[in-house]
Amino acid sequence: MEGTFSLIPAESGWRALFADADGNETGRSRVIAWASQEGSGETRIVGIITDPNDPKVLVPADVVVDEDGGSLSRYGFVSS
């Protein structure tokens, strides 16, 4: 991927919510940071999470398929 990257920490309440093809929520993962990539006249922003399939690895939430077959549906904030 080309362009300029930025990374900022996320507030602890942010979650990446995963759903299957029918829209049923299959899981959630804490967003650790927000990443942005600028290039080709566009800015892409994505949450960075711990990979639910390999907890030693940090990954963009939009590339993950969780153990129940769900993919990123949306981001949500849970206040404490």
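Higher on the page you've got the structure.
Residues numbered from 1 in each chain as written. Predicted model: local features only at pLDDT ≥ 70, side-chain atom pairs only at ≥ 80, totals over all residues. Heavy atoms only, no water.

Engineer: Describe in detail the overall build of the protein, supporting the description with residues and values.
Structural biologist: Secondary structure assignment for the protein yields zero helices and six strands. Each helix and strand of the protein, placed in order from N terminus to C terminus, yields the pattern β-β-β-β-β-β. Relative to the globule expectation of 12 Å for 80 residues, the C-alpha radius of gyration of the protein, 13 Å, shows essentially globular dimensions. In the protein, which comprises 80 residues, the share counted as buried stands at 32%. A fraction of 43% describes how many contacts in the protein between residues 6 or more apart in sequence connect residues 24 or more apart. Here the protein displays about 5300 Å² of accessible surface, and carbon together with sulfur accounts for 49% of that area. (Helix = DSSP H or I, 4+ residues; strand = E, 2+ residues; numbered from the N terminus. Rg over C-alpha atoms; globule rule 2.2 N^0.38 Å. Buried < 20%, exposed > 50% of the residue type's maximum accessible area, 1.4 Å probe, protein only. Contact = heavy atoms within 4.5 Å. Areas by Shrake-Rupley, 256 points an atom, 1.4 Å probe, with all protein chains shown as cover.)

Engineer: Run through the packing of aromatic side chains, naming residues and quoting values.
Structural biologist: Considering all chains together, one arrives at three aromatic pairs under this definition. Taking the centre distance of 5.4 Å and the plane angle of 85° together, the rings of tryptophan 14 and tryptophan 34 count as edge-to-face. Of this pair, tryptophan 14 sits in strand β2 (residues 14-19) while tryptophan 34 is found in strand β3 (residues 25-39), placing the two residues 20 residues apart along the sequence. On the basis of relative accessibility, which here comes to 27%, the residue tryptophan 14 falls in the partly exposed class. Seen from their ring centres, tryptophan 34 and tyrosine 75 are 5.0 Å apart, and the 70° between their planes marks the pair as edge-to-face. With tryptophan 34 in strand β3 and tyrosine 75 in strand β6 (residues 71-77), this pair connects stretches of sequence that are 41 residues apart. Three or more aromatic residues joined by ring pairs make a cluster, and in this case those are Trp14, Trp34, Tyr75 and Phe77. (Phe/Tyr/Trp six-rings, centres within 6.5 Å; stacked < 30°, edge-to-face > 60°.)

Engineer: Break down the pattern of salt bridges for me, citing the residues and quoting the values.
Structural biologist: Using the criterion set out here, one finds two salt bridges in the structure. A salt bridge links arginine 28 to glutamate 25; the nearest nitrogen and oxygen atoms lie 3.4 Å apart. Taking relative accessible area as the criterion, glutamate 25 reaches 45% and is therefore assigned partly exposed. (Salt bridge = Lys/Arg side-chain N within 4 Å of Asp/Glu carboxyl O.)

Engineer: Which residues make up the nonpolar core, and what values go with them?
Structural biologist: Ala10, Ala16, Phe18, Val31, Trp34, Ile49, Val59, Ala61 and Val64 form the largest nonpolar core, which has nine residues in total. Among the secondary structure elements, those contributing two or more residues to this core are β2 and β3. Setting aside residues no more than four positions away along its own chain, alanine 10 makes contact with Arg30, Val31, Ile32, Ala33 and Trp34. (Core = buried A, V, L, I, M, F, W, Y, C linked by side-chain atoms within 4.5 Å.)

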